[in-house]
Every structure is written in structure tokens, then in C-alpha cells.
Amino acid sequence: MSRRVLILAHTGREESLKAAWEACAQLHASGIVPVMQKSELADMVRFFGRLDHPVEVLHDHVLLPDVELVMVLGGDGTILRAAELVREVDVPLLGVNLGHVGFLAESERADLAQTVEWVARREYTVEERMTIDVQVWVRGQKIWHTWALNEAAIEKGNRERMLEVVTEVDERPLTSFGCDGVVLATPTGSTAYAFSAGGPVVWPEVEALLIVPISAHALFAKPLVVSPRSRLAVEILNRTGAQGVLWCDGRRSVDLPPGARVEVTRSPNPVRLARTHQTPFSGRLVRKFELPIQGWRGPMPQAATIHTGPVPVIRTPRPMPPLPTPRHAGPGDPDGPDDPTAPSTAK
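Participant: Could you give an account of the environment of A153, with specific residues and numbers?
Facilitator: Its place among the elements puts A153 in strand 10 (residues 151–156). On the basis of relative accessible area, A153 is assigned to the buried category, the value being 1%. For the pair A153 and D249, spaced 96 residues apart in sequence, the C-alpha separation works out to 7.9 Å. Apart from residues no more than four positions distant in its own chain, A153 is found in contact with V182, V183, Y193, V245, L246 and W247.

Put into C-alpha cells, the structure is as follows:
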């Protein structure tokens, strides 16, 4: 059976169209069938006029579960859009960054040809990223249910009024304060909106949930890292009558009237990301944020043999005894005899 790779691209950008054309051509040359969505394929044909290689159409020629991999050409927004498409199936995403930071992307535009070669040789691994389940309740009725890979962000709906909220962990109230909003994030989202709001950077393999206030008017309104088994909630209080809005991954939104309640738990359905590099997360931070590391000397070299014997004890030397009196000491010498003719008492 032929291998198939789905190409998703931001076809509103010329650079993305060129990258999609190159990826399809190289996949076809490697014996892999390229697949695209009908609208994106039409944009590419409209831009180039013709294609030198066949491309199958998703849902017309092939179904999503039959695709081995989704190669996403764009920034983090394009990857988040792709995550919506593949979340219900076990198909990994491999991002090629054509945007700015592109923290979710695995490689850069200049590495596109090498990335396709790795895909053709199956030289990639797959890791799972936690997602969150998001519910909105108003007067005891659930009005919205969705999910997020990065975060659920509660923001004020009116510029002139701050939100009054109360945060909750495991059905226990924690604190209330006025703010511009609250971000409920995953470790993947810790380098997105939560990072901009002053939250901590959490390594992807750490299983946790984050609560990060946005411009809170309170003393105890600090970012919190809680258990992934916890149930988080934020309620919009009725003190000021301010409206809120909930954004999930910056793509799906719903209005929050006063009294609305947002509940977040860990979702059982993760998103799978393909990796072609074994670079640790610290290296990704340095590269994406261009962190200064000049002067780094690296880890200390380990000795070939580790001595585990007893610790040597260094003793304090005892004071030297006084020197003996010279035999030839004269009568004026305080250490000598008064009469030089007196017999010696030395034995």
C-alpha cells in the first residue's frame, strides 16, 4: 500500500504556496503520495497554473485515517488549525515554520528538503502533547464545550471595565481579584499566551496545568502550577457587570456574561507531534527565543576513576618542644649558670 502524507499550508501567502509545491514534488519523487485539501490544492494550481506531479484530494481520494503524517507549512496558527483536523485520529503533525517564532514547528523553511527526506526514510519520532477539555456554564446550563492544545484564555470584553473573577482548584475557591483576564494553559501553551502574561515555562514532558492571571489588581494573584488531575474553574463575578470572552487557542470563542463559569480539566485525547530532531527542550528555547548563551563552558569532564576510599584526615601539628640550653652559655646569659666554674648537672 502506498504511503500518503497530507500537506497543509497557509495558501494565502506566496511563500507557503511555494513550500507546498516543493514538498509535494519531493514527496512524489520519494515514492510517497502527496495529499492536499481541495481548496488548498485549487489555490496552488491557480498560482502555478499546473502541477508536474499528481496530488490526491483529502476526502475525495483518501480518508484522513489512511494518512501516515500531516506536514504543516506555516506558523503556530496553521499548526493549531491542523490540530483541529487530526485530533480525533492518530495522525501526527510535523510543522515546518514559515512564521515568526513557530514554537510548535519542528524545522525551518530552509530545512524543508531535509525534512522530507527524513519523512521518506521514516526517521522521525512521535510525542504526545496534553490537551484540555473546556466547558462553559451559565445559570447551571452548559452552553459550550470545546478543547485546546495551548490555552483557554478568559479576557475582558470591555476595555473600560476590568473583570472580577474568582479562581477555583478542585472545587475549592482560591482567591478573587480584578484583572484583564486569566489564562488556563497546558505545558505546550506555557510558551504562548501564558508566557506573555508572565507565566512560567514548563517543559513539555511535565504533566501539569497552569493558572496565569493577566494584569491582576491583587497581591496574591501569581501564576500557579497544579496537578493535571485537578479541576480548574474561573467564575465571572457580578460585582461590576463586566462581560468576558473565552478564547481557546485563539481560534474558537464564546461570550461570558456575568455569573458564567469556565471549567478546565485534562482531556483524554492528546495531540501527536512528529519530531525529526532529538534536540532537548532547552535547546529549542535557546533557538526560538535567541537566548544569549555566550560564555557557556559546558559540563565539567568526568574523571575516568572515581575514588571512593576513606576521606583523608589532616591533623593539626603539635607545638614544638623548647630547644635545650646550650652547654657554652656564659654568666650573663639568662639561660646559662651564674658561675662558670660551677659543676655541670648534666648527666
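Participant: Any chance you could break down a nonpolar patch on the surface for me, citing the residues and the numbers?
Facilitator: On the surface, L291, I293 and W296 cluster together into a nonpolar patch covering about 370 Å² of accessible area. With respect to the helices and strands, I293 occurs in the segment after helix 6 (281–289).

Participant: Talk me through the sheet that holds strand 17 (residues 244–248); I want residue IDs and the actual numbers.
Facilitator: Across the sheet, six strands lie side by side as 15-14-13-10-17-18; this open sheet has antiparallel pairing. Only two strands of the sheet have a single partner each, and these edge strands are strand 15 (224–226) and strand 18 (252–256). Ignoring strand direction, the axes of neighbouring strands in this sheet form an average angle of 15°. Here strand 17 runs beside strand 18; their pairing, made up of five bridges, is antiparallel. Along strand 18, the bridge assignment pairs V245 with D255.

Participant: Any details on the pairing of strand 14 (residues 209–214)? Residues and values, ideally.
Facilitator: Buried residues dominate strand 14, accounting for six of its six residues. Covered by surrounding structure in strand 14 are L209, I211 and P213 together with L210, V212 and I214, the residues of both alternating faces. Of the strand pairs in this sheet, strand 13 (residues 181–185) and strand 14 are connected by five bridges, and their pairing is antiparallel. Residue pairing across strands places G181 opposite I214, the latter belonging to strand 14. By the bridge criterion, three bridges tie strand 14 to strand 15 in an arrangement that is antiparallel. Its bridge partner lying in strand 15, I211 is registered against L224.

Participant: Give me the lowdown on the packing of helix 1 (residues 14–29) against helix 2 (residues 38–48), citing residues and values where you can.
Facilitator: The geometry of helix 1 relative to helix 2 is characterised by a closest axis approach of 10 Å and an angle of 100° between their N-to-C directions. It follows from the interaxial angle that helix 1 and helix 2 lie roughly perpendicular. Residue-level contacts link E14, L17, K18, A20, W21 and C24 of helix 1 to D43, M44, F47 and F48 of helix 2. A breakdown of the residues in the contact of helix 1 with helix 2 according to their chemical character gives seven nonpolar, no polar and three charged.

Participant: Which residues make up the nonpolar core, and what values do they have?
Facilitator: In terms of nonpolar packing, the biggest core is built from 31 residues, with I154, L246 and L256 touching the most fellow members. With sequence-adjacent residues up to four places away left out, I154 is seen in contact with L163, D180, G181, V182, L184, V234, I236, V245, L246, L256 and V262.

Participant: Account for the sheet that holds strand 19 (residues 261–266), naming residues and giving values.
Facilitator: Within the open sheet, the six strands sit side by side as 9-8-19-16-11-12. Their pairing is antiparallel. Sheet topology places strand 9 (141–148) and strand 12 (172–179) at the edges, where each strand pairs with a single neighbour. Averaged over all pairs of adjacent strands, the angle between their axes in this sheet comes to 20°, without regard to strand direction. Pairing analysis gives six bridges linking strand 8 (residues 132–138) to strand 19, with the strands arranged antiparallel. Note that in strand 19 the partner of Q135 across the bridge is E263.

Participant: Could you give me a rundown of the side chain of D249, with the residues and numbers involved?
Facilitator: Within the fold, D249 resides in the loop between strand 17 and strand 18. No salt bridge is formed by the buried D249; the nearest opposite charge belongs to R252, separated by 4.1 Å. A distance of 2.8 Å separates a polar side-chain atom of D249 from the backbone nitrogen of L149. For D249, the side chain forms a polar contact with the main-chain nitrogen of N150, separated by 2.7 Å. With residues up to four places along the chain from it excluded, the contact list for D249 reads L80, A148, L149, N150 and E151.

Participant: Describe helix 1, with residues and values.
Facilitator: With 16 residues, helix 1 should reach 22 Å at 1.5 Å per residue; the first-to-last C-alpha distance of 23 Å fits that figure. By the burial criterion, the buried members of helix 1 are S16, L17, A19, A20, A23, C24 and L27. Viewed end-on, helix 1 has its buried residues packed into an arc of 160°, placing them on one side of the element. In this fold, the buried residues of helix 1 make contact with strand 1 (4–9), strand 2 (33–36), helix 2, strand 4 (69–74) and helix 4 (112–120). Where helix 1 ends, the next residue or the one after it, G31, has phi of about 85°, a positive value.

Participant: Account for the packing of aromatic side chains, with residues named and values stated.
Facilitator: Counted according to the given criterion, the structure contains six aromatic pairs. When the ring of F47 is compared with that of F48, the centres are 4.9 Å apart and the planes differ by 85°; the resulting orientation is edge-to-face. A residue is classified by how much of its surface remains accessible, and F47, at 37% relative accessible area, is partly exposed. Centre to centre, the rings of W203 and F281 are 4.9 Å apart; their planes meet at 70°, and the pair counts as edge-to-face. One end of the pair, W203, is in the loop between helix 5 (193–196) and strand 14; the other, F281, is in helix 6, with 78 residues separating them in the sequence. An aromatic cluster of at least three residues, connected via ring pairs, comprises F103, F195, W203, F281 and F289. The ring of W147 carries the charged tip of R252 above its face, separated from the ring centre by 5.2 Å.

Each value, and the rule that gives it
Residues numbered from 1 in each chain as written. Predicted model: local features only at pLDDT ≥ 70, side-chain atom pairs only at ≥ 80, totals over all residues. Heavy atoms only, no water. Helix = DSSP H or I, 4+ residues; strand = E, 2+ residues; numbered from the N terminus. Buried < 20%, exposed > 50% of the residue type's maximum accessible area, 1.4 Å probe, protein only. Contact = heavy atoms within 4.5 Å. Patch = residues over 30% accessible without salt bridge, like charges linked within 9 Å, V, L, I, M, F, W, Y side chains within 5 Å. Areas by Shrake-Rupley, 256 points an atom, 1.4 Å probe, with all protein chains shown as cover. Salt bridge = Lys/Arg side-chain N within 4 Å of Asp/Glu carboxyl O. Pairing = 2+ DSSP bridges. Axes fitted to C-alpha atoms, helices over the stretch in contact; angles between N-to-C directions. Parallel < 35°, antiparallel > 145°, perpendicular 65-115°, else oblique. Nonpolar A, V, L, I, M, F, W, Y, C, P; charged D, E, K, R; others polar. Core = buried A, V, L, I, M, F, W, Y, C linked by side-chain atoms within 4.5 Å. Lys, Arg positive; Asp, Glu negative; His and termini not counted. Polar contact = N/O pair within 3.5 Å; in protein donor to acceptor, adjacent residues only side chain to side chain. Expected span 1.5 Å × (residues − 1). Arc of directions from axis to C-beta. Phe/Tyr/Trp six-rings, centres within 6.5 Å; stacked < 30°, edge-to-face > 60°. Lys NZ or Arg CZ within 6 Å of the ring centre and 35° of its normal.

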